[in-house]
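The chain contents come next:
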Amino acid sequence: MTASPATTPPPDAAVPPQGMGGISPEDLLQSGGYNGCFGCGEGHESGLRFQRTSADGEAVYGHFTVTEQHQGSPGLAHGGLLATAMDEVLGTAAWSLGRMAVTGRLETDYRIPVPVGSVVHLKAWCTGVDGRKIYLQGEGRIGSPDGPVAIQAAALFLEVSREHFLGER
Ligand SMILES: CCCCC/C=C\C/C=C\C/C=C\C/C=C\CCCC(=O)SCCNC(=O)CCNC(=O)[C@H](O)C(C)(C)COP(=O)(O)OP(=O)(O)OC[C@H]1O[C@@H](n2cnc3c(N)ncnc32)[C@H](O)[C@@H]1OP(=O)(O)O
């Protein structure tokens, strides 16, 4: 993935450890989630139902299955849908650092089409943190964690306060 300047961390940006104040990244990932989330909500009928599976200190992992509700052209996943899945796993990588963050910029490369019925295995990792800016990259592979790369992404997330989510609508 060739990240643009906006999603490339400055050379001195460190990658902080996963977890927060004694809470493991695994526990952080299992602690939250919004049932109505299009990406990960188990209660969302037509959503992706992205499942976060693990975090190993370097990256976070998860998967989802492409259904007929997710088509763009006959039999193939919609590109925006795949970007949503990347957004979800990239966000998971940001939150695994113990930081509440939202997507500021998301760049995606589509490598091969993804057929309906595919299980897409996603992985994301932090490439650096600079103040509130969290730089991330990720990829999605078809069929297994070692399968062919279908999508790659680079992103800039911004750390926000609780008020970001509680503001008046
Ligand atoms: C999100 C999940 C919520 C639910 C949580 C529930 C349970 C938690 C459990 C588990 C969670 C696990 C995973 C999470 C999963 C998925 C994540 C999905 C994430 C999303 O799907 S979330 C929705 C889409 N997202 C938005 O809805 C954001 C709308 N937006 C804004 O709210 C503002 O726009 C904001 C806050 C982004 C920035 O606003 P701001 O006022 O705070 O900051 P400001 O503009 O001053 O920028 C400061 C510095 O960042 C640079 N900067 C900013 N934006 C940039 C860009 N696009 N490109 C390049 N640089 C940029 C500036 O250039 C400046 O740089 P410098 O400091 O160098 O000048």
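Since we're looking at a predicted model, the values are computed, not measured. (Residues numbered from 1 in each chain as written. Predicted model: local features only at pLDDT ≥ 70, side-chain atom pairs only at ≥ 80, totals over all residues. Heavy atoms only, no water.)

(A) Main features of the UniProt feature "domain: Thioesterase" (unreviewed entry) in the protein. UniProt records the feature "domain: Thioesterase" (unreviewed entry) for residues 75-142 in the present numbering. This span, residues 75-142, is 25% helix and 50% strand, and a straight line between its end C-alpha atoms measures 15 Å. (UniProt positions renumbered as here; feature names shortened; annotations may be inferred. Helix = DSSP H or I, 4+ residues; strand = E, 2+ residues; numbered from the N terminus.)

(B) Seen up close, the sheet that holds strand β7 (residues 133-142). The six strands are arranged β1-β2-β6-β7-β8-β5 in an open sheet whose pairing can be described as antiparallel. With one partner strand each, in any of the chains shown, β1 (51-55) and β5 (101-110) form the two edges of the open sheet. In this sheet, adjacent strand axes meet at a mean angle of 25° when their direction is disregarded. For strand β6 (residues 119-130) and β7, the ladder comprises ten bridges, and the chain directions are antiparallel. Among the inter-strand pairings, His121 is bridged to a residue of β7, identified as Arg141. Relative to β5, helix α2 (residues 79-95) is tilted by about 135°, and along the sheet it contacts β1, β2 (60-65), β5, β6, β7 and β8 (149-159). (Pairing = 2+ DSSP bridges. Axes fitted to C-alpha atoms, helices over the stretch in contact; angles between N-to-C directions. Contact = heavy atoms within 4.5 Å.)

(C) The arrangement of the site of the ligand in detail. The environment of the ligand is formed by 20 residues, the closest being Gly33, Asp87, Gly104, Arg132 and Lys133. A distance of 2.8 Å separates an oxygen atom of the ligand from a polar side-chain atom of Asp87. Contacts to the ligand include Arg132, whose side-chain N or O atom sits 2.6 Å from an oxygen atom. Isolated, the ligand exposes 1300 Å² of accessible area, and the fraction of that covered by the protein chains is 53%. Counting residues per element, the ones that place at least two in the shell around the ligand are α2, β5, β8 and α3 (163-166). In terms of residue count, α2 provides more of the shell around the ligand than any other element does, five residues in total. Among the residues making up the shell around the ligand, the classes are represented as seven nonpolar, seven polar and six charged. (Near = heavy atom within 4 Å. Polar contact = N/O pair within 3.5 Å; in protein donor to acceptor, adjacent residues only side chain to side chain. Areas by Shrake-Rupley, 256 points an atom, 1.4 Å probe, with all protein chains shown as cover. Nonpolar A, V, L, I, M, F, W, Y, C, P; charged D, E, K, R; others polar.)

(D) Structural context of the nonpolar core. With 32 residues, the main nonpolar core has Phe64, Leu90, Val114, Leu122, Ile134, Leu136 and Phe157 as its most contacted residues. Take this core: its biggest share by element is eight residues, from α2. Discounting residues that sit within four places of it in the chain, Leu136 has contacts with Leu90, Ala93, Ala94, Trp125, Cys126, Thr127, Ala153, Ala154, Ala155 and Phe157. (Core = buried A, V, L, I, M, F, W, Y, C linked by side-chain atoms within 4.5 Å. Buried < 20%, exposed > 50% of the residue type's maximum accessible area, 1.4 Å probe, protein only.)

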